[in-house]
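Structural overview for review
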Amino acid sequence: MTRPFNFSAGPANLPEEVLRQAAAEMLDWNGSGMSVMEMSHRGKEFVSIYENAEADFRELLAIPKDFRILFMQGGGLAENAIVPLNLSRGASADFVITGSWSDKSQKEARKYCDVQIAASTASSDYTSLPLPASWDLRRDASYVHICSNETINGVEFHQLPDLKSLGSDAPLVIDFSSHVASRPVDWSKVGLAFGGAQKNLGPAGVTLVVVREDLLGHALPICPSAFDYKTVVDNQSMYNTPPTYAIYIAGLTFQWLKRQQDGEATGVAAMEKRNQRKAQQLYDAIDQSQLYVNKVSKDCRSRMNVPFFLRDESRNEAFLAGAKAHGLLQLKGHKSVGGMRASLYNAMPIEGVQALVAYMQEFERTQS
Ligand SMILES: *Cc1c(COP(=O)(O)O)cnc(C)c1O
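Predicted model only: the values in this text are computed from it and were never measured.

Rules of the game
Residues numbered from 1 in each chain as written. Predicted model: local features only at pLDDT ≥ 70, side-chain atom pairs only at ≥ 80, totals over all residues. Heavy atoms only, no water. Phe/Tyr/Trp six-rings, centres within 6.5 Å; stacked < 30°, edge-to-face > 60°. Helix = DSSP H or I, 4+ residues; strand = E, 2+ residues; numbered from the N terminus. Buried < 20%, exposed > 50% of the residue type's maximum accessible area, 1.4 Å probe, protein only. Arc of directions from axis to C-beta. Contact = heavy atoms within 4.5 Å. Domains from an automatic or database assignment. Buried area = accessible area lost by both parts, 1.4 Å probe. Salt bridge = Lys/Arg side-chain N within 4 Å of Asp/Glu carboxyl O. Polar contact = N/O pair within 3.5 Å; in protein donor to acceptor, adjacent residues only side chain to side chain. Nonpolar A, V, L, I, M, F, W, Y, C, P; charged D, E, K, R; others polar. Pairing = 2+ DSSP bridges. Near = heavy atom within 4 Å. Areas by Shrake-Rupley, 256 points an atom, 1.4 Å probe, with all protein chains shown as cover. 1 Å grid on protein atoms, 1.4 Å probe; cavity = no way out; pocket = protein on both sides within 12 Å on 5 of 7 lines; lining within 4 Å. Sits in = over half its atoms within 2 Å of the grid points. Axes fitted to C-alpha atoms, helices over the stretch in contact; angles between N-to-C directions. Points joined across faces, edges and corners; volume = space filled by probe spheres on them. Core = buried A, V, L, I, M, F, W, Y, C linked by side-chain atoms within 4.5 Å.

So, the packing of aromatic side chains
Counted by the stated rule, this structure contains 13 aromatic pairs. Where F95 meets Y143, the ring centres are 6.0 Å apart and the plane angle is 65°; that geometry is what we call edge-to-face. In this pair, F95 is assigned in strand β3 (residues 92-97) and Y143 in strand β5 (residues 143-147), connecting sequence segments 48 residues apart. You'll find F95 and Y143 in the same group, each marked buried.

Observations regarding helix α8 (residues 316-325)
Residues of α8 that are buried include every one of N316, F319, L320, G322 and A323, and no others. Looking down the long axis of α8, one finds its buried residues gathered within 165° of arc, a one-sided arrangement. Of the exposed residues in α8, the ones pointing more than 90 degrees away from its buried face are E317, A321, K324 and A325. Lining the buried residues of α8 we find β13 (292-293), β14 (305-310), β15 (328-329), β16 (340-343) and α9 (350-365). One or two positions beyond α8, positive phi appears at G327, with a value near 75°.

Re the domain arrangement of the protein
Per the domain assignment, the segments making up the protein are domain 1 (17-258) and domain 2 (264-367). The centre of domain 1, based on its C-alpha atoms, is set 26 Å off from the matching centre of domain 2. Each side of the interface is counted separately: domain 1 has 25 residues, and domain 2 has 24 residues. Together, the buried faces of domain 1 and domain 2 total about 2,000 Å²; carbon and sulfur atoms form 56% of this surface. Along the contact surface separating domain 1 from domain 2 lie 0 salt bridges. The interface formed by domain 1 and domain 2 includes 11 residue pairs in polar contact (both at pLDDT 80 or more). Counting only elements with at least two residues in the side of domain 1 that touches domain 2, the list comes to β7 (155-156) and α6 (244-259). Counting residues per element, the side of domain 1 that touches domain 2 draws most heavily on α6, at 3 residues. Residue classes in the side of domain 1 that touches domain 2 are distributed as 9 nonpolar, 12 polar and 4 charged.

Focus: the pairing of strand β2 (residues 67-72)
In terms of burial, β2 is a largely internal element, 5 of the 6 residues being buried. Relative to strand β10 (residues 207-212), β2 runs antiparallel, the two being bridged by 6 bridges. Among the inter-strand pairings, I69 is bridged to a residue of β10, identified as V210.

Re the site of the ligand
In the neighbourhood of the ligand, 13 residues make up the surrounding shell, with L77, T151, D175, Q198 and K199 lying closest. Measuring from an oxygen atom of the ligand, one finds a backbone N or O atom of L77 at 2.8 Å. Relative to its unbound accessible surface of 390 Å², the ligand loses 86% to contact with the protein. Put simply, the ligand lies in the second largest pocket. The leading source of residues in the shell around the ligand is helix α3 (residues 75-87), at 3 residues. Of the residues in the shell around the ligand, the class split is 3 nonpolar, 8 polar and 2 charged.

Digging into the sheet that holds β10
Pairing is mixed in the open sheet, where 7 strands are placed in the order β2-β10-β9-β8-β5-β3-β4. Across the chains shown, the open sheet's two edge strands, defined by having one partner strand only, are β2 and β4 (114-120). If you compare each strand with its neighbour and ignore which way they point, the axes differ by 20° on average. Inspection of the sheet shows β5 paired to strand β8 (residues 172-175) by 4 bridges, in the parallel sense. Looking across to β8, one finds that V144 is bridged to L172.

Let's talk about the side chain of S35
Topologically, S35 is positioned in the loop between α1 (16-24) and α2 (44-60). In this structure S35 touches M26 and L27, once residues within four positions along its chain are discounted.

Re the sheet that holds β16
Taken in spatial order, the 3 strands line up as β13-β14-β16 in an open sheet, and their pairing is antiparallel. Two strands lie at the open edges of the sheet, namely β13 and β16, each paired on one side alone.

Quick look at the layout of surface pockets
Volume-wise, the largest pocket comes out at about 530 Å³. Taken together, 23 residues form the lining of the largest pocket, with L14, E16, A347, M348 and P349 sitting closest to its centre. Contributions of two or more residues to the lining of the largest pocket are made by β1 (5-6), α1, α7 (267-287) and α9. Taken together, the residues of the lining of the largest pocket break down into 12 nonpolar, 5 polar and 6 charged.

Let's talk about the nonpolar core
Core analysis: the biggest nonpolar cluster contains 55 residues, and F57, L61, W135, W187 and Y248 have the highest contact counts within it. Residue contributions to this core peak at 10 residues, all from α6. Beyond its immediate chain neighbours, meaning those up to four positions away, W135 contacts V96, A118, A119, P130, I146, F157, P161, L163 and L166. One finds I286, V306, F319 and L320 within the second-largest nonpolar core, a separate group that totals 26 residues.

What follows is the structure in structure tokens.
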């Protein structure tokens with residue numbers, strides 16, 4: 001059976017090899033006689049799954065020794081509260097607003113600290129990124145927050161800002177939910193990164209947090225214990241029962257990622273090369289057409305999430321119905337933006353992009 005190509009923004013497609021392995025291991029993991037769902041999180045079987053997942057994630061993203069990796073719950077939205085609860089020390093934080101997700105983050109943080117908008121591209125309808133040199137950063141901010149890939153608006157930071165060179169000693173917090181593991185991360189510029197797994201790493205239910213050690217241990221007294229990064233780290237992410245099955249599937253995805261090759265490149269570097277080619281093909285097809293349009297500045301277009309519009313919006317339903325008939329699923333745009341959105345996460349093969357482009361060209365030819 002060949003499966004349709006699934007362009008969902010999240011929960012999103014997973015590598016078929018991962019799904020097949022999970023199916024094969026469903027009733028009996030590795031001769032244990034148990035499904036991973038039925039195991040104690042403190043037993044040696046699950047502890048080995050957890051430790052391998054953590055080590056593989058560290059290797060894939062080249063995470064330095066002075067950063068800790070946490071497997072949490074609550075998703076990116078909970079982190080919008082958990083980050084200020086842990087990092088703000090009740091003082092101030094600066095936010096760069098480049099789309100729906102960073103805007104949600106700053107609104108939530110206002111419950112816990114003094115928030116300043118250092119820059120915003122709302123006036124361009126979030127189709128550009130503000131130059132870091134123009135950011136209004138406060139010297140004493142406890143952190144600076146950006147969303148490094150805006151899933152809804154299709155805007156991506158292709159280079160992380162160097163806060164030091166902007167005169168700020170604050171740690172940079174990045175919400176990398178929707179492009180984690182699609183490209184390498186320059187950890188020298190980052191204090192904390194968080195991301196829900198359901199876009200590019202695994203199923204919903206587990207949130208990856210990567211935090212520099214010196215930022216631990218400063219949670220506000222009102223911070224729930226289960227959300228205090230220090231408590232989570234001290235208990236190897238098992239202060240409370242972790243989302244064991246989601247961690248297992250993410251672990252299988254990490255092993256799949258480690259097996260990927262593209263020329264000399266392996267792992268995340270191989271994914272980056274593939275993701276560049278996939279995005280290029282789709283953006284080229286959009287830019288060369290008379291029917292489709294993407295409104296984001298070329299220098300900050302997301303490789304992962306490609307929003308596009310039909311110049312004749314009365315054709316939207318026909319486009320989506322035809323796509324589905326061609327085995328191209330979940331292309332409807334986010335309700336706040338409209339139009340279409342194709343998400344091209346790691347698990348989307350180049351053949352999926354080729355099939356989408358072929359369908360878009362065929363649909364355009366039949367419109368006249
Ligand atoms: C999906 C997403 C979130 C929210 O994740 P939840 O798991 O629904 O809380 C946050 N930030 C970004 C950039 C996202 O893409």
